[in-house]
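# Report on the structure
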Amino acid sequence: MAKKELTTDAAEEKDREKWMARFQVRLAMQPGVDRVVVLQAVKEVTVSCAETGAHPRTVFGDPDAHAVRTAARLVPADRAARARRHDAVVDALDSVVKRAGDVTGL
């Protein structure tokens, strides 16, 4: 029976790690999010789950949705808007460069 408990605990810990990894990746992909924001958000989740003993999914729900909510809460709106504009320009330039490469055969 102790082995089953270890297996269950290990599976639960693995699930927590997967949730946290997905949350971090999705958060980092949000406009305007930098390392400081990610570290602050991870600390918030870790502390909350340690205090309650609950799984992050129970407390915060879907990691993707929580990443969006967290970015909206922690990233100033002007910084997020600036990052979105920057990303749009970079995407447009990448598209032009790709088309130019297709035309020249590169």
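What comes next concerns the included structure. It should be emphasised that the depicted structure is a prediction, and the values quoted were computed from it without experimental measurement.

## Comments concerning the overall build of the chain
A tally of regular secondary structure across the chain gives 5 helices and 0 strands. Overall, the chain shows an N-to-C arrangement of helices and strands of α-α-α-α-α. Of the roughly 7600 Å² of accessible surface on the chain, a fraction of 61% belongs to carbon and sulfur atoms.

## A word on the packing of helix 2 (residues 35-52) against helix 4 (residues 63-74)
In the contact formed by helix 2 and helix 4, the axes pass within 11 Å of each other and the chain directions differ by 120°. The orientation of helix 2 with respect to helix 4, classified from their angle, is oblique. Between helix 2 and helix 4 lies a crossing of right-handed hand. Taking contact as the criterion, the partners of V37, Q40, A41, E44 and V45 in helix 2 are, on helix 4, H66, T70, R73 and L74. Its residues assigned to classes, the contact of helix 2 with helix 4 shows 4 nonpolar, 3 polar and 2 charged.

## Observations regarding the nonpolar core
The nonpolar side chains of soluble globular proteins are, as a tendency, buried together. Residues W19, M20, F23, L27, V33 and V45 are the most contacted members of the largest nonpolar core, which totals 16 residues. Broken down by secondary-structure element, the contributors of at least two residues to this core are helix 1 (2-28), helix 2 and helix 4. Among the elements that line this core, the one with the most residues is helix 2, at 6 residues.

Reading the values: rules and limits
Residues numbered from 1 in each chain as written. Predicted model: local features only at pLDDT ≥ 70, side-chain atom pairs only at ≥ 80, totals over all residues. Heavy atoms only, no water. Helix = DSSP H or I, 4+ residues; strand = E, 2+ residues; numbered from the N terminus. Areas by Shrake-Rupley, 256 points an atom, 1.4 Å probe, with all protein chains shown as cover. Axes fitted to C-alpha atoms, helices over the stretch in contact; angles between N-to-C directions. Parallel < 35°, antiparallel > 145°, perpendicular 65-115°, else oblique. Left-handed = near helix turned anticlockwise from the far one by under 90°. Contact = heavy atoms within 4.5 Å. Nonpolar A, V, L, I, M, F, W, Y, C, P; charged D, E, K, R; others polar. Core = buried A, V, L, I, M, F, W, Y, C linked by side-chain atoms within 4.5 Å. Buried < 20%, exposed > 50% of the residue type's maximum accessible area, 1.4 Å probe, protein only.

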